[in-house]
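Overview (structure and organization)
Here's the letter readout for the chains.
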Amino acid sequence: MKLFIDTANLDAIRRVADLGLLDGVTTNPTLVSREKMPADKLYDEIAKICEGPVNVEAVSQDADGIVEEARAFHKRAPNFVTKIPCFEPGLKAVRQLAEEGIPTNVTLVFSPSQGLLIAKAGAKFVSPFIGRLDDISHTGMDLIEDLVMIYENYDFDTEVVVASVRHPLHVLEAARIGADIVTIPPDVIDKLLKHPLTDIGMKKFLDDYAKIPKG
Ligand code: E4P
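Throughout what follows, the structure given in this document is the object of discussion.

About the cut-offs
- Residues numbered from 1 in each chain as written.
- Predicted model: local features only at pLDDT ≥ 70, side-chain atom pairs only at ≥ 80, totals over all residues.
- Heavy atoms only, no water.
- Helix = DSSP H or I, 4+ residues; strand = E, 2+ residues; numbered from the N terminus.
- Buried < 20%, exposed > 50% of the residue type's maximum accessible area, 1.4 Å probe, protein only.
- Contact = heavy atoms within 4.5 Å.
- Areas by Shrake-Rupley, 256 points an atom, 1.4 Å probe, with all protein chains shown as cover.
- Lys, Arg positive; Asp, Glu negative; His and termini not counted.
- Charge placed at Lys NZ, Arg CZ, Asp CG, Glu CD.
- Polar contact = N/O pair within 3.5 Å; in protein donor to acceptor, adjacent residues only side chain to side chain.
- Pairing = 2+ DSSP bridges.
- Axes fitted to C-alpha atoms, helices over the stretch in contact; angles between N-to-C directions.
- Right-handed = clockwise from strand over helix to strand, strands pointing away.

Within the chain, the regular secondary structure consists of 11 helices and eight strands. With the principal axes as the frame, the chain shows a C-alpha extent of 75 × 40 × 30 Å. Each of the 215 residues in the chain was classed as buried or not, and the buried ones make up 46%. For the chain, contacts bridging at least 24 residues in sequence account for 57% of all contacts bridging at least 6. Accessible surface computed for the chain: about 11,600 Å², of which carbon and sulfur atoms make up 57%. Here the chain contributes 24 positive and 33 negative side-chain charges, whose respective centroids are spaced 7 Å apart.

In structure tokens form, the structure reads like this:
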């Protein structure tokens, strides 16, 4: 399972890259707005850190505009992937861009039926938002199970990026289901790593080491 980091914060991205765990980055306009830097400049800085897919969101509301944005991203860096919302102009743009060999990630996905159309349109990635489904009392993880099954049934190449992750159990459950990728906020990466018994065990070993007579 590949790990993407779900942030536009350069320090957080560098930290995960230094850990050797960075397979890609996902951003969205909300995350970018927190960084107080022009979006294009920020995207270029992220692409310097991350060799894998750097997902950046198109904001045009018509297919031609989205296609133009995606072409421009692709020209700037081949590892930019254009995130496109799941709506009619978006799917039209995904099809056009697939024909041109330009990768897309369809975002704001909340149902298996959307996922089926997205794969048929030729998207490289699909981003189901499981946390936002949980927030409204739907089981977000059911969507991941459905998408993984549907894509396997028909050998679709579209990869499932589990998005809107809120806690470590989301990551573990996605791994059990066999999702291709999970995009994880920085605080959840910390929670995946930390265990109080590890901290207690390390302290005990260091304390006991100090008691060993020095030769
Ligand atoms: C994914 O690509 C999105 O940026 C992100 O996962 C949305 O998460 P949220 O629902 O916590 O905003």
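What follows deals with the side chain of Thr-158. Here Thr-158 is to be found in the loop between helix H8 (140–153) and strand S7 (159–162). One polar contact links the side chain of Thr-158 to the main-chain carbonyl oxygen of Ala-123, over a distance of 2.8 Å. Setting aside anything within four residues of it in sequence, one finds Thr-158 in contact with Ala-119, Ala-123, Lys-124, Phe-125, Val-126, Tyr-151 and Asp-180.

The next subject is the environment of Glu-51. Considering the arrangement of structural elements, one finds Glu-51 in the loop between helix H3 (39–49) and strand S3 (54–57). On a C-alpha basis, the gap between Glu-51 and Gly-24 in space is 7.4 Å, while along the polypeptide they are 27 residues apart.

Below, the discussion takes up the sheet that holds strand S4 (residues 80–85). Taken in spatial order, the eight strands close into a barrel running S1-S2-S3-S4-S5-S6-S7-S8, and their pairing is parallel. Taken over all neighbouring pairs, the strand axes of this sheet differ in orientation by 30 degrees on average, direction set aside. Pairing of strand S1 (residues 2–6) with strand S2 (residues 24–26) involves three bridges; the strand directions are parallel. In the strand pairing of S2, Asp-6 is matched with Thr-26.

Burial along strand S6 (residues 125–128) is two-sided: the face carrying Phe-125 and Ser-127 and the face carrying Val-126 and Pro-128 are both buried. Where strand S5 (residues 104–109) and S6 come together, three bridges link them in parallel fashion. Each bridged residue has a counterpart across the sheet, and for Asn-105 the counterpart in S6 is Phe-125. Viewed along the sheet, the connection from S5 through helix H6 (residues 112–121) into S6 turns out right-handed.

Treat this as a map of the structure, not an account of what it does.
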